[in-house]
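The chain contents come next:
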Amino acid sequence: MKKFSIILSSLLLILILTTFNPNNLNQDFHILKIKEVEIKNIQILDKNKMKNLFFTEFFDTGLIFLDKKKIKKITNNNKLIDYIEFKKIYPSKLVVNIFEKKIIAIINYKQNKFYLTENGEEVLYFQSPMLKELPNIFGRQKNFLDLYITLKDIGFPTQKIKSFYYFEIGRWDIILKNNKVIKLPIKDFSKSLKNFMDFNQKINFEKYSIFDYRIKEQLILK
């Protein structure tokens, strides 16, 4: 028993006196290398493309400490990625949970197209069946987020909107998927949108295709 205590004490002393460098930890564990990558949580991005990208960057690299430069490179080149969570399954599997930014509209401006996120970021347009039903913005997206937040706050059915048209004087037209047009004033458009939602409940709503709120305190129906 005494001999065992002496051996144990010696081992502890060796561990204490040994220089420990966490940056070299992967070099000491050659078996803990990434051999398999699994991608989860993707809704819009190409899952196979993302899997190949992470596999190419991380294959046969250390599983314990992931290279932050490689992660930053991937996120910088894929602007739709909001953030990433990693799960390590030892000895050799990396599970990548990708959380995407929320896309709310497609910007069409000067023959260029971008996706617009709910935080106001512009993401270069790419074909995606998941995003084809998004409303289009024609013209600059100046103060669009103010309009979008108002629509959400009052419970406007944004899924029924086909497009938004911005006019340089600072106001918007909203075109619905049933081709009804809401012409908003420059200011206080929240009141106009609420009025439209109330009017939507009336029997004669279907008779009209244009709801013009540009003149203060007036609604012109056509």
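The structure this text deals with has already been given above.
Quantities reported herein were computed from a predicted structural model and do not represent experimental measurements.

Things to note about unusual backbone geometry
- That bond from Tyr90 to Pro91 is cis: its omega, 15°, falls within 30 degrees of zero.
- Relative to the helices and strands, Pro91 resides in the loop between strand 2 (81–89) and strand 3 (93–100).
- Phi at Asn143 is positive, roughly 55°, even though this residue is not glycine.
- By secondary structure assignment, the location of Asn143 is in the loop between strand 7 (136–138) and helix 5 (144–153).
- In this model, Asn179 sits at a positive phi of 70°, which is unusual for a non-glycine residue.

A closer look at the sheet that holds strand 7
- An order of 6-5-4-7-8-9-10-11-12 is seen for the nine strands of this open sheet, with the pairing classed as mixed. Unpaired on one side and paired on the other, strand 6 (122–124) and strand 12 (220–221) mark the two borders of the sheet.
- Of the strand pairs in this sheet, strand 10 (residues 181–183) and strand 11 (residues 210–212) are connected by three bridges, and their pairing is parallel. Counted as the bridge partner of Lys183 is Asp212 from strand 11.

About the cut-offs
Residues numbered from 1 in each chain as written. Predicted model: local features only at pLDDT ≥ 70, side-chain atom pairs only at ≥ 80, totals over all residues. Heavy atoms only, no water. Helix = DSSP H or I, 4+ residues; strand = E, 2+ residues; numbered from the N terminus. Pairing = 2+ DSSP bridges.

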